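# Per-entry structural report
Letter by letter, the chains look like this.
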Amino acid sequence: MQKHTSYPIFLAFLCMGFGDVVGPLTSQLQNDYQLSNLAAGLVTFMGFIMFGLLSVPMSIYQARTSKKHVLQLGLLAALLGMIIPMVSGFNSFALVLTGLLLLGTGATLLQVAGNPIMRDISTEGRYSSNLSFGQFIKAIGSLSGALIPILAAKMFGLDWKILFPIYSAFILLVVVYLYFTHIEEQAPPADEKPASFSSCLSLLKDSRVAPMVFGIFLYVGAEVSMSSKLPNYLQTAFDFDIKQTGLFGTLFFFFSLMVGRFLGGFILRTMAPQRFLQISILASLAGTLGLFAAPNYTLGFACIGLIGLGFANVFPLIFSITIDRMPHKSNEISGLMVTAIIGGAIVPVLFGWVADTFGLLSGFVVTIISFVYLFMIAIKREKKEAV
């Protein structure tokens with residue numbers, strides 16, 4: 001990997017993480033704009049809907065243009081999404097939603113282009129490692145959405161609005177940096193047909209792809225469920241005040257994700273991706289099961305940390321393992337995988353229904369079942385590789 005080429009790509013991954021700000025923003029927007037729970041739900045909806053609508057079309061467009069071009073479009077969409085609410089003076093919730101929709105659009109395009117372009121700039125055998133490190137960088141961007149408002153409030157008496165000028169300035173910097181960086185993208189085989197809707201959807205018939213796409217759907221849904229429900233877990237299990245100290249559950253989860261992805265970038269330089277995926281899934285299952293038996297909040301946080309470390313590399317591992325087997329289909333696979341991120345809008349609903357019906361801890365069974373499925377496909381994939 002050439003460092004001068006990789007820098008703007010890693011910075012684009014950081015901007016990709018800005019899209020996760022919809023989670024921390026939800027409660028703050030609900031309070032400031034006096035929203036109903038239904039209206040507040042539109043915040044996260046705007047953050048996820050474009051993953052379902054745009055991923056496959058943009059992967060096809062990307063195959064006809066370039067990954068760098070789609071990466072630039074994603075950054076520009078996110079930049080516009082940050083500017084619109086600022087120009088309006090944050091006086092209109094509708095315009096804030098419009099901005100978040102564009103931010104979600106940008107995050108979608110950055111995912112579609114960023115994950116496969118990492119392969120283009122990676123040396124042989126380093127794609128999984130570099131993609132895990134890229135996801136570590138993304139986790140820093142995700143964490144900023146919760147940390148910056150807290151620090152701004154304590155130090156300067158500011159609120160969530162400070163995110164918009166900070167994100168805008170940083171995204172603009174990356175746009176300029178990427179524009180002046182030359183990236184050599186791997187050309188598809190000469191006899192390879194251009195990507196199309198039918199070529200994308202036909203991959204869902206391929207046993208090497210379809211289970212992994214569904215795995216992404218379940219993983220993202222499990223991650224969103226975990227990050228949003230850990231404050232409730234701390235409140236229910238250990239009497240934490242959800243407004244004052246409960247949010248530390250989510251912050252600690254994101255911090256563990258960030259640390260896990262950083263370590264994963266190094267571990268994958270010596271360990272096979274298949275084996276690391278299995279270990280990651282087992283750690284996730286152990287941490288989640290531990291939530292049911294933790295006798296005090298210290299062990300509860302230890303379980304949360306183990307969950308974060310386990311979750312950390314599942315997405316980049318599934319993504320890279322699948323693309324490494326079919327690199328000539330990287331655009332189509334990327335489109336399908338990023339579309340599956342819409343699981344973050346669907347699986348938490350199932351988690352919530354189970355929690356409402358049988359109790360909060362029962363909701364974590366949804367996460368356990370999701371990771372049992374992931375472990376099954378990881379084992380099955382390793383056996384096929386050994387044949």
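Please refer to the structure higher up on the page.
Note that the structure is predicted; figures quoted are calculated from it, not measured.

Secondary structure summary: the protein contains 16 helices and zero strands in total. Counting across all 387 residues of the protein, residues that qualify as buried make up 55%. Across the protein, every contact between residues at least 6 apart in sequence was considered, and the portion connecting residues at least 24 apart equals 82%. Within the structure as shown, the protein displays about 16,500 Å² of accessible surface, and the carbon and sulfur contribution to it stands at 68%. Side-chain charges in the protein split into 23 positive and 18 negative, and the spacing between the mean points of these groups amounts to 4 Å.

Under the definition given, this model contains 29 aromatic pairs. Between Phe 240 and Tyr 297 the ring centres are 5.7 Å apart and the planes differ by 65°, which places this aromatic pair in the edge-to-face class. Note that Phe 240 is positioned in the loop between helix H9 (210–238) and helix H10 (247–267) and Tyr 297 in helix H12 (residues 297–311), a separation of 57 residues in sequence. Its relative accessible area of 16% is what places Phe 240 among the buried residues. Site record: aromatic cluster; members linked through ring pairs are Phe 10, Phe 133, Phe 136, Phe 262 and Phe 266.

According to the stated counting rule, one finds one cavity of 30 Å³ or more in the structure shown. Put simply, the largest cavity is a space of about 30 Å³. If you go around the largest cavity, the residues you meet are Asp 20, Lys 138, Ala 139, Ser 142, Glu 223, Phe 254, Leu 257 and Arg 261. When residues of the lining of the largest cavity are traced back to their parent elements, those giving at least two are helix H6 (127–156) and H10. Among the residues making up the lining of the largest cavity, the classes are represented as three nonpolar, one polar and four charged.

Applying the stated rule across the entire model yields nine salt bridges. For Asp 206, the salt bridge goes to Arg 208, with nearest N and O atoms at 2.8 Å. The partly exposed category is assigned to Arg 208, whose relative accessible area is 35%. Within this structure, Asp 32, Asp 159 and Lys 161 form a network of salt bridges that share partners.

With that settled, consider a nonpolar patch on the surface. There is a patch of nonpolar side chains on the surface, built from Leu 147, Ile 150, Leu 151, Met 155, Phe 156 and Leu 158 and spanning about 570 Å² of accessible area. With respect to the helices and strands, the residue Phe 156 is situated in helix H6. With a relative accessible area of 58%, Phe 156 lands in the exposed category.

Further remarks concern helix H5 (residues 93–120). Owing to its 3.6 residues per turn, the α-helix aligns residues three or four sequence positions apart on the same side. Its 28 residues give H5 an end-to-end C-alpha distance of 40 Å, which sits within 8% of 40 Å, the value for a rise of 1.5 Å per residue. Along H5, the largest kink reaches about 30° and is centred on Gly 114; proline Pro 116 follows within four residues of it. Of all 28 residues making up H5, 23 are buried, and the element is well covered by its neighbours.

Turning next to helix H4 (residues 67–87). A rise of 1.5 Å per residue sets the reference length of H4, with its 21 residues, at 30 Å; its end C-alpha atoms lie 30 Å apart and thus fit the reference within 8%. Of the residues trailing H4, Gly 89 is marked for its positive phi of about 70°.

The next point concerns the environment of Ile 162. Mapped onto the elements, Ile 162 comes out in the loop between H6 and helix H7 (163–179). Between the alpha carbons of Ile 162 and Pro 149 there is a distance of 7.1 Å; along the sequence they are 13 residues apart. For Ile 162, the residues in contact, after removing those within four places along its chain, are Ile 148 and Ala 152.

Next up on the list: the side chain of Gln 135. With respect to the helices and strands, Gln 135 occurs in helix H6. With a relative accessible area of 2%, Gln 135 lands in the buried category. With residues near it in sequence (within four places) discarded, Gln 135 still touches Phe 13, Gln 111, Asn 115, Arg 261, Phe 315 and Pro 316.

As a further point, take the packing of helix H11 (residues 273–291) against H12. Contact geometry for H11 and H12: axes closest at 7 Å, N-to-C directions at 155°. What the angle tells us is that H11 and H12 run roughly antiparallel. Regarding H11 and H12, the two cross each other, and that crossing is left-handed. Together, Ser 280, Ala 283, Ser 284, Ala 286, Gly 287, Thr 288, Gly 290 and Leu 291 of H11 and Gly 300, Cys 303, Ile 304, Leu 306, Ile 307, Gly 310 and Phe 311 of H12 make up the contact between the two elements. Of the residues contributing to the contact of H11 with H12, the split by class is eight nonpolar, seven polar and no charged.

As a packed pair, H9 and H12 sit with axes 12 Å apart at the nearest point and diverge in direction by 175°. Between H9 and H12, the interaxial angle falls into the category roughly antiparallel. Judged by residue contacts, Tyr 219, Ala 222, Glu 223, Met 226, Leu 230, Tyr 233, Leu 234 and Phe 238 of H9 engage Tyr 297, Gly 300, Phe 301, Ile 304, Ile 307 and Phe 311 from H12. Residue composition of the contact of H9 with H12, grouped by class: twelve nonpolar, one polar and one charged.

Mapped onto the fold, Val 354 is located in helix H15 (residues 343–358). With a relative accessible area of 12%, Val 354 lands in the buried category. Linking Val 354 and Phe 180, residues 174 residues apart in sequence, is a C-alpha distance of 50 Å. Setting aside residues up to four positions removed in sequence, Val 354 forms contacts with Gly 359, Ser 362, Gly 363 and Val 366.

The rules behind the values
Residues numbered from 1 in each chain as written. Predicted model: local features only at pLDDT ≥ 70, side-chain atom pairs only at ≥ 80, totals over all residues. Heavy atoms only, no water. Helix = DSSP H or I, 4+ residues; strand = E, 2+ residues; numbered from the N terminus. Buried < 20%, exposed > 50% of the residue type's maximum accessible area, 1.4 Å probe, protein only. Contact = heavy atoms within 4.5 Å. Areas by Shrake-Rupley, 256 points an atom, 1.4 Å probe, with all protein chains shown as cover. Lys, Arg positive; Asp, Glu negative; His and termini not counted. Charge placed at Lys NZ, Arg CZ, Asp CG, Glu CD. Phe/Tyr/Trp six-rings, centres within 6.5 Å; stacked < 30°, edge-to-face > 60°. 1 Å grid on protein atoms, 1.4 Å probe; cavity = no way out; pocket = protein on both sides within 12 Å on 5 of 7 lines; lining within 4 Å. Points joined across faces, edges and corners; volume = space filled by probe spheres on them. Nonpolar A, V, L, I, M, F, W, Y, C, P; charged D, E, K, R; others polar. Salt bridge = Lys/Arg side-chain N within 4 Å of Asp/Glu carboxyl O. Patch = residues over 30% accessible without salt bridge, like charges linked within 9 Å, V, L, I, M, F, W, Y side chains within 5 Å. Expected span 1.5 Å × (residues − 1). Bend = angle between axes of the 7 residues up to and from the residue. Axes fitted to C-alpha atoms, helices over the stretch in contact; angles between N-to-C directions. Parallel < 35°, antiparallel > 145°, perpendicular 65-115°, else oblique. Left-handed = near helix turned anticlockwise from the far one by under 90°.

So far we have only geometry, and geometry alone does not tell us how the molecule works.
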